[in-house]
Each structure stands twice: as structure tokens, then as C-alpha cells.
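# Examination of the molecular architecture
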Amino acid sequence: MRKLFIIILLSSIALSIQAQRFEDYFEDRTLRLDYTFCGDASHQQIYVDELVSIPRWYGRRHRLAELPLKGNGDITVRSKADGMVIYRHSFSSLFQEWLSTAESKRMQKSFENVFLVPYPKQPVDITVELRDYHDSVYASMTHTVDPSDILIRKTGERQVTPSVTLQQATDTTRCIHVAYVAEGYQQSEMNTFIEDCKVAMESLFSHEPFRQMQDRFNMVAVMSPSEESGTSRPAEGIWKNTVLGSHFDTFYSDRYLTTLHLKKLHDVLAGIPYEHIIILVNTDHYGGGGIFNSYNLTYAHGPQFRPVVVHEFGHSFGGLGDEYPYGDDDPMYFPDTEPWEPNLTTKCDFNGKWEDLVRDGKAGLIEGGGYLTKGVWRGFENCRMRTNEEPEFCLVCQQALIRLINFYTR
């Protein structure tokens, strides 16, 4: 009887795995989900803004119900018919980062957020969850999507932003699609943008493990023109009319360069092969910013362009945390919660991180990271995620990146 039970159980698991075939549940299209995250430090809400249909799906077609990393939030897609989880993805958001600031304690704000999932063949329930820095869910919302809904806007089928392929992956069906997007470049400056993209690519692929896994990346340059050159610098009273409305001084931090206009960003990208986004900003003023599974921005004309664009991709693609201290105010890491970032630990639950490298004497536990001087540990004294002067990612970050690239491409 026990043997029969095991056979039945294994058969059930096999059927479950087989049921996760991409073509059973999804079309070769993308469903773009536009949300508004809003509230303040004490109360948060999630609202559906718009649903958009885009040709082709450029994300993964395997391991659909698994998360690449935990992130500060996730999206879960369930079949309406049987409740089966058919797709999951994780992310972080500028809204959640803002909740750690003093401003969020005295006022309410709203932030645009855009996420991509494969286009379902049948109705699905989609759940969005946001978690705080103690890994507790503080906002959740579930809504039903009927793929035949006539109000799902279609885009990306005509008037697609011009783009050029910088590098084609060896296998474009199992690769990581990255788009470079022009911000603050006028039409007459697109040759400069393309050259900046080539520098950024050369910089990325000079670092391991990207160097050895370069053939798994498909890279395009998206030539989105702006009315004016440069970007806005609010602290100096400079406001520019650019395609994505980017600006420095995010959260009143002078070098924090972001855009709040995510819907416009994804409108620019509609019809182009992409999943991960690198925005190059036509400025020589130092700065950047990267948000996991959302986007990163990097200043493109300055002596630190090369290390910064790689560092920010470590955030937006790799989910790597900053390893440097930056004042101990408004902490994002606490002793009772293990960071989801693979290169940081509070020693709350170190299992599955770089304990193998510690055991083999290849890495250690060095205190200081995640903007804090105490209570957070990293694996090496220096790393690309700690300083622009360090020429490589440390072994801890390299191991984490290899695991992630394999997740998407194997």
C-alpha cells in the first residue's frame, strides 16, 4: 500500500510539473500590469490603473511558479479555473523605499508601478503583495483579469520606438533581454547615445560572471528622443523637458537619479524585446539609481560612468544590496529579519547564502553594509557593490549572479 501511495504521489507531482508548460496557460504575448501604490508610513494601498497587451513575451518560459529572488514584493498569477499558481515574479519599488523616509511619516504619496507577466489564455486571478522590512505583508490586492476584456489596451504593434540590436544572444528563446533606453538625448544626439550604450556594454561584460555568460544576454538600444538635453536637477532649479522626466535629488538625496514615470517608460519600450531596463541619462553630473526588477538609471558622461552602470545593474537585475555605510538613519535591515538580498546578512538566517564560501575559506563575514555600520554583514572587504574603485564583483556577488542567470536561462 505504501509503495502504491508513493507511485500515486510521484505521478501527481509529474502531472503538476507537466501542467506548468508555458503553452498550456499563456500566449506568446505580454500582459502589462499598471498599478498605483499609495499611502504613507502607517497605511498603504494598491490600485489597478490599466491593463495593456503587448506583442510577444520575452521573459522566462520555464520555472514559471518559482521566484528568482524574494524582493520586497511579488506578483502571483493563478488560474481562475483551478487556483493553480501558473506564474510568479518578485520586485522592489521606489514607493517601498520612500516608506523608510521621514517624509512618509508626515504626508501621503502615490507612485506608478508597472510589471510584466505572460498573457493568459483563460481568466486568471492576480495577487500583488508588498512586504515591509520585517518581511511582513502590509498591503495586498487580488484582481481578476479576463484576457478577452475589450478594455485591455493594445500597444507596440505600430509606431514602435526605433531601436538597434547591440548583441544577439546565442539562444534568443532562453536568454535575458536587456534594453538600453535614451533619456535626455535629443534626436541629433542618438549617435552619442549608441556609443554610450557600447561603453556600458563593454563595462558590464568586463566583469565576471557576465564576461563568461555574455552569450546569454540579448541587448538592444532604444532611441527615445527628448525635447531637451540632459536631466532635471531640482536643487539647482533646473527642470528639463525629457522623455522620461528623470531627475536628481530623489528623496532629497543629491546623487539619487530616478524617474517616477514608469508608464511612459514602458510605452517607449512597447514592441521591443525587453525584460530588464538600463536607462542612460545624458548628463555629466554624478549619480544613478537601481530598483530590483524595475529599472536602473545611470549618468552617462563622467569618469565614474563605467563602474556606476555596472553597480546599478547589480541592483536592478541581480537584486544585490549596497555594501557601504551611508549614515545609520532610517534603517532598512533589522536583527530579526534576514535580508532577501543575496550579498547581505543579519545572521538571522544565513542558510543558502555564501556559507559554502565561508566554509571553504574563500569569503568571510565582515560587519557593515546595507547603509549600516553595525548589524549587517558582507562577504568581502571590497566589491563593486561597495565602491567604484573596486574593479570586480566579489565572489559572493558573482555566485549570486551566476545562480540568477542560470535561473533565467537554464
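Residues numbered from 1 in each chain as written. Predicted model: local features only at pLDDT ≥ 70, side-chain atom pairs only at ≥ 80, totals over all residues. Heavy atoms only, no water.

### A short note on the nonpolar core
Among the nonpolar cores identified, the biggest contains 55 residues, and Tyr35 and Ile75 are the most heavily contacted of them. Per element, the largest residue contribution to this core is 6 residues, and it comes from strand β5 (residues 109–120). When neighbours within four sequence positions are excluded, Ile75 is seen to be in contact with Leu33, Tyr35, Tyr87, Arg88, His89, Phe91, Phe115, Val117, Ile126, Thr127 and Val128. The next biggest cluster of nonpolar side chains, apart from the first, holds 47 residues, and it includes Met219, Val310, Trp340 and Cys397. (Core = buried A, V, L, I, M, F, W, Y, C linked by side-chain atoms within 4.5 Å. Buried < 20%, exposed > 50% of the residue type's maximum accessible area, 1.4 Å probe, protein only. Helix = DSSP H or I, 4+ residues; strand = E, 2+ residues; numbered from the N terminus. Contact = heavy atoms within 4.5 Å.)

### With respect to the pairing of strand β13 (residues 288–291)
Neither face of β13 is exposed, since Gly288 and Gly290 on one face and Gly289 and Ile291 on the opposite face are all buried. Pairing geometry for β13 and strand β14 (residues 295–299), over 4 bridges, is antiparallel. Bridge pairing in β14 places Ile291 opposite Tyr295. Count of turn residues in the β13/β14 antiparallel hairpin: 3 residues, of which Asn293 carries a positive phi of about 55°. (Pairing = 2+ DSSP bridges.)

### With respect to the pattern of salt bridges
Here the structure, examined in full by the defined rule, presents 26 salt bridges. For Arg21, the salt bridge is made with Asp24, and the minimal N-O distance between the two is 2.8 Å. Taken together, the salt bridges that share partners define one network made up of Arg32, Asp34, Asp49, Glu50, Arg153, Lys263 and Asp267. (Salt bridge = Lys/Arg side-chain N within 4 Å of Asp/Glu carboxyl O.)

### A short note on the sheet that holds β5
Pairing between the strands of a sheet comes from backbone hydrogen bonds, and it takes one of two forms, parallel or antiparallel. Spatial strand order, β5-β1-β2-β8: 4 strands in an open sheet with mixed pairing. Across the chains shown, the open sheet's two edge strands, defined by having one partner strand only, are β5 and β8 (153–154). As judged from the 2 bridges shared by strand β2 (residues 44–55) and β8, these two strands associate in the parallel manner. Looking at the pairing, Ser53 lines up with Lys154 of β8. Strands in contact with helix α5 (residues 262–269) are β1 (26–39), β2, β5 and β8; relative to β5, the strand with the most contacts, it is inclined by about 35°. (Axes fitted to C-alpha atoms, helices over the stretch in contact; angles between N-to-C directions.)

### Looking at empty space enclosed by the protein
As enumerated under the stated definition, the model contains 3 cavities of 30 Å³ or more in all. If you add up the space inside the largest cavity, you get close to 280 Å³. Those elements that provide at least two residues to the lining of the largest cavity are β2, β4 (85–91), β5, β12 (276–281) and α6 (305–316). By residue number, the principal contributor to the lining of the largest cavity is β5, which donates 4 residues. Of the residues that constitute the lining of the largest cavity, the class distribution is 16 nonpolar, 8 polar and 2 charged. Estimated volume of the second largest cavity: approximately 60 Å³. Along the walls of the second largest cavity sit Ser93, Leu94, Phe95, Phe111, Glu112, Asn113, Thr259, Leu260, Leu262, Ile291, Ser294 and Tyr295, which together make up its complete lining. The set of elements that each furnish at least two residues to the lining of the second largest cavity consists of α3 (94–98) and β5. In terms of residues, the lining of the second largest cavity owes the most to one element, β5, which gives 3 residues. Classifying every residue of the lining of the second largest cavity gives 7 nonpolar, 4 polar and 1 charged. (1 Å grid on protein atoms, 1.4 Å probe; cavity = no way out; pocket = protein on both sides within 12 Å on 5 of 7 lines; lining within 4 Å. Points joined across faces, edges and corners; volume = space filled by probe spheres on them. Nonpolar A, V, L, I, M, F, W, Y, C, P; charged D, E, K, R; others polar.)

### Regarding the packing of aromatic side chains
Taken as a whole and judged by the stated rule, the model has 26 aromatic pairs. Both rings, one in Phe210 and one in Phe313, keep their centres 5.8 Å apart while their planes meet at 55°; by these two values the pair is tilted. Residue Phe210 is found in the loop between α4 (190–204) and β11 (217–222), and its partner Phe313 is found in helix α6; the two are separated by 103 residues along the sequence. Take Phe210 and Phe313: they sit in the same class, and that class is buried. Over the ring of Trp377 we find Lys347; its NZ or CZ atom is 4.2 Å from the centre of that ring. (Phe/Tyr/Trp six-rings, centres within 6.5 Å; stacked < 30°, edge-to-face > 60°. Lys NZ or Arg CZ within 6 Å of the ring centre and 35° of its normal.)

### Quick notes on the sheet that holds strand β6 (residues 124–131)
Read across the open sheet, the 4 strands follow the order β4-β3-β6-β7; overall the sheet is antiparallel. Because the sheet does not close on itself, it has two edges, and the strands there are β4 and β7 (137–145). Neighbour to neighbour, the strand axes of the sheet diverge by 15° on average, direction disregarded. Where β6 lies against β7, 8 bridges are found, and the strand directions are antiparallel. The partner of Leu130 across the bridge, within β7, is Ala139.

### Let's talk about unusual backbone geometry
A cis amide bond, omega 5°, links Glu208 with the succeeding residue Pro209. Here Pro209 lies in the loop between α4 and β11. Not every positive phi belongs to a glycine, and Arg56 is a case in point at roughly 70°. Looking at the element boundaries, Arg56 is found in the loop between β2 and β3 (73–79).

### Notes on α4
For α4, built from 15 residues, the straight-helix expectation of 21 Å at 1.5 Å per residue is met to within 8% by its first-to-last C-alpha distance of 21 Å. Those residues of α4 that sit buried are Met190, Phe193, Ile194, Asp196, Cys197, Ala200, Met201, Ser203 and Leu204. The secondary structure elements touched by the buried residues of α4 are β9 (163–167), β10 (176–183), β11, β12 and α6. (Expected span 1.5 Å × (residues − 1).)

### Quick look at the confidence of the model for the protein chain
Overall, the prediction assigns the protein chain a mean pLDDT of 94, with 95% of residues at 70 or greater. Contacts for the low-pLDDT stretch residues 1–19, under 50 throughout, to residues beyond four places or in other chains number 4 contacts. (pLDDT = per-residue confidence, 0-100.)

### Here we look at helix α8 (residues 395–409)
Taking 1.5 Å of rise per residue, the 15 residues of α8 would be expected to cover 21 Å, and the 21 Å separating its terminal C-alpha atoms lies within 8% of that figure. Of all 15 residues making up α8, 12 are buried, and the element is well covered by its neighbours. Taken residue by residue, α8 has Val396, Cys397, Gln398, Gln399, Ala400, Leu401, Leu404, Ile405, Asn406, Phe407, Tyr408 and Thr409 as its buried positions. Those residues of α8 that are buried lie in contact with β4, β10, β11, β12 and α7 (355–359).

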